[in-house]
Amino acid sequence: MSVKNYKGHAGGWGALKSTATHLFKSDNIAKNIKNLLKTNQDHGFDCPGCAWGEKDEPGRFRFCENGAKAVNWEATSRRIGKDFFKEHSVSWLQKQTGYFLEYQGRLAEPLIYNRTTDHYEPLSWDKAFSIIAQQLNELENPNQAEFYTSGRASNEAAFLYQLFVRKFGTNNFPDCSNMCHEASGVALKQSIGIGKGTIKIDDFEKADAIFVFGQNPGTNHPRMLDSLSHASRRGASIVTFNPLKERGLERFANPQSPVEMLSGSATQISQYYFTPNLGGDMACVRGMVKVLLEQHKAAQKDNKSVFDLEFIKEHTQGLDDYLQTVETTTWEHITQQSGLSIEELTQAANIYQKAKSVIITWAMGITQHKHSVATIQEITNLQLLFGNIGKPGAGLCPVRGHSNVQGDRTMGINEKPDAKFLDNLSRVFSFTPPKENGHNVVEAIEAMLSGESKVFIALGGNFVSATPDTEFTQQALTRCKLTVNIATKLNQTHLFPGEISIILPCLGRTDIDLQATGEQSVTVEDSFSMVHKSKGVVKSDTSNMRSEPAIIAGIAHATLGDTPVKWLELANNYNLIRDYIGQTLPEFNKMNERLSQPGGFYLGNSAAELTWNTATKKAQISANQLPDDIVPASIRALTKNRVFVLQTLRSHDQYNTTIYGFEDRYRGISGERNIIFMNPNDIADLGLKNEDLVDVESLWPDDIERKIYSFKLVNYDIPTGNIAAYFPEANPLVALKSTGDESDTPTSKSIAVTIKKADTSDRIT
């Protein structure tokens, strides 16, 4: 491992060098150069990485460094089949890293686990479908099955999946949304009547100020830096709130800018960069509003107003209760919880007040706390006070993760289905869907652990690595009668098999999808509610892989027969699936026709049109109290040692659970992932030194020991009392019961932990 201070900017030649490195690692160089030129382009495929949208600018490359990694990783020429699994037992594979497993290449054929030999073995597609159907049909009731979905599934696959599962008889849809932006959907639905962001990507070109909360676009969605750099250069104020100093939010050299590439220059992204405590963002916004309220009161003495009173009167309710809550929140509480001073919060408030149009954007640094819903509603309150929703250059922008995680929800992947959606399903398909809520991720794990649920089917993803309380998730899967994973590559989830375990190899976004009626395309929805067509371009050995729609149709046909649709006909022609989507969801009317226009089509947003689909038909200004403490006194009482708040995060060579390599370039880390980022003063206060090995134990009142061992301390610019570690390595510290209020999202950004020097006397490190 090496640790060094990275002094450069984000992007630039470093990004191009990294892209080239991963291009060579794919063993498919010539084809992948062509693939990259087709990424996010009309008549090409949608990047399998993040959900950031695209401006309609012809002649530009539309991939970033991490998008290139995702494409190269998926479009490798390496294949693993029966010879690989004959050589390696599941027990041996369990000891390997996630990087090793996925680096071996694409899964080449269906597999079934042989418990006697501890090896996966080939089986036919028909036999696989038959086994799955038999196990599903033998359940005592449909609610004994869990149907997980990854956000990379297409709209067509997601729609077929939810239709099959609801006809089967359950709403058990644990979904990756449950672990990332669930709080955004819950909060926004309550406040403005729709659980999506209200802006289009062009609004970044019109905003006077952009406030960025809890995200690291330089690593997680680098194409966002293009939008931010353009905004910065034209004079928009960009204000960042993030506990760690992240290089991508400081300065960025656009690889598509000849001037910046040739001169070595870069664009300053954030003019103001505040580093609050983990979980302190709600207090930051409350402090800004408190400042603005005092300014508003002073202005009213001269018959003027700081707030947009006309907008508030016409479009909102709840103002008086909220302002009373703001007034009774003490500055001591705000500054202690936020970690920022009154002067800093006043500076941020003044920038906001002077801007005529403001975008507020956030990601998982906001959504993975106990009080995430309240935090997002506090952000929404601020925008409503100034009428910063529904006008050019202003609005709310939750930045989603996987490239179709938002689309999956639109298609009905939701354990709490909307009554109108179910009514439409009933009308179109002539059956009565189940109405009771199903299981989310945490509830699904608990149900499998207890034996209540006996079947687990995953449409993509890496459930074991994505979920909290890793050992319990592993146990949950092994207690199932049947586990099924639809996947492109081998991952840790496949190594904790149920009594029967099947792996089904699927096509990826880059692959040509050839069905009986010809080459097929799928669609995805980005963070700005734009629906794009995606068509694979890679000609490679995919002879025994099948597309996700074809796999779902095969399982559904074997389980249900030709009811309520002729599944196999739909799998042969995705236009038929899209016709059904258009009949079920009015905003997708004439979907096939509308997809022919360049860039796809916009679904619209009711709140952006100042239509509030809430119970009162007005936007709700929510009067939530600040938490008493990010770590409750009852948790602190569990130890006499100093308590730290830990967040999990990604490295730069990573997208969600996929590890592309061991370089975290912008943070200066190379060759190691068992890292704890900590303020140098905290390290000294513990009597430790930089690069000492430590054991970390989380605190939760259930008498279960949750520890990670021999992690290396690294000095980092992070507020005292706060620390960070990589995901999924630190997931074992997140208690299954530690979830967000109303969202049930694991609190992976506010884990109470203690730290002590590692005892390596009886361990191999």
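Quantities reported herein were computed from a predicted structural model and do not represent experimental measurements.

A.B. asks: Please explain the sheet that holds strand β30 (residues 675-678) as it appears in this structure.
C.D. replies: The strands that make up a sheet are held in pairs by hydrogen bonds between backbone atoms, and each pair lies either parallel or antiparallel. Overall, mixed pairing links the six strands, which are arranged β25-β33-β30-β32-β31-β34 in a closed barrel. Looking at each pair of strands side by side, their axes are set apart by 45° on average, direction ignored. Pairing between strand β25 (residues 644-649) and strand β34 (residues 751-757): three bridges, direction antiparallel. Each residue of the ladder has a partner; that of Leu646, found in β34, is Ile751.

A.B. asks: Help me understand the packing of aromatic side chains in this model?
C.D. replies: Within a pair of aromatic rings, the relevant descriptors are the distance that separates the centres and the angle that separates the planes. Applying the stated criterion across every chain yields a total of 28 aromatic pairs. Measuring from centroid to centroid gives 5.1 Å for Phe84 and Phe85, while their planes differ by 85°, and the two rings are edge-to-face. Comparing Phe84 with Phe85 shows no difference in burial state: the two are buried. Ring geometry for Phe456 and Phe463: centres 4.8 Å apart, planes at 50°, overall tilted. Given a relative accessible area of 0%, Phe456 falls into the buried group. Members of the aromatic cluster, joined through ring pairs, are Phe147, Tyr161, Phe164, Phe168, Phe173 and Trp567. Directly above the aromatic system of Tyr655 lies the positively charged group of Arg650, at a separation of 4.6 Å from the ring centroid.

A.B. asks: For this particular structure, what's the right way to read the nonpolar core?
C.D. replies: Considering soluble globular proteins, one finds that nonpolar side chains tend to be buried as a cluster. Counting 61 residues, the largest nonpolar core has Ile132, Leu136, Phe147, Phe164, Ile502, Leu504 and Phe588 as its most contacted members. The biggest single contributor to this core is helix α8 (residues 155-168), with nine residues. Excluding residues within four positions of it along the chain, Ile502 makes contact with Leu111, Ile112, Ala128, Ile131, Ile132, Leu482, Thr483, Val484 and Asn485. The next biggest cluster of nonpolar side chains, apart from the first, holds 57 residues, and it includes Val285, Phe307, Ile379 and Ala607.

A.B. asks: What should I look at first to understand helix α22 (residues 441-450) in this one?
C.D. replies: When you tally the buried positions in α22, you get seven out of 10 residues, the bulk of the element. All buried positions along α22 are accounted for by Val441, Val442, Ala444, Ile445, Ala447, Met448 and Leu449. Packed against the buried residues of α22 are β7 (145-149), β16 (455-459), α23 (463-466) and α24 (470-478). Measuring from the side-chain oxygen of the N-cap residue of α22 to the backbone nitrogen of Val442 gives 3.2 Å; that N-cap residue is Asn440.

Conventions and cut-offs
Residues numbered from 1 in each chain as written. Predicted model: local features only at pLDDT ≥ 70, side-chain atom pairs only at ≥ 80, totals over all residues. Heavy atoms only, no water. Pairing = 2+ DSSP bridges. Helix = DSSP H or I, 4+ residues; strand = E, 2+ residues; numbered from the N terminus. Axes fitted to C-alpha atoms, helices over the stretch in contact; angles between N-to-C directions. Phe/Tyr/Trp six-rings, centres within 6.5 Å; stacked < 30°, edge-to-face > 60°. Buried < 20%, exposed > 50% of the residue type's maximum accessible area, 1.4 Å probe, protein only. Lys NZ or Arg CZ within 6 Å of the ring centre and 35° of its normal. Core = buried A, V, L, I, M, F, W, Y, C linked by side-chain atoms within 4.5 Å. Contact = heavy atoms within 4.5 Å. Polar contact = N/O pair within 3.5 Å; in protein donor to acceptor, adjacent residues only side chain to side chain.

Everything listed here is a matter of geometry and, on its own, says nothing about what the molecule does.
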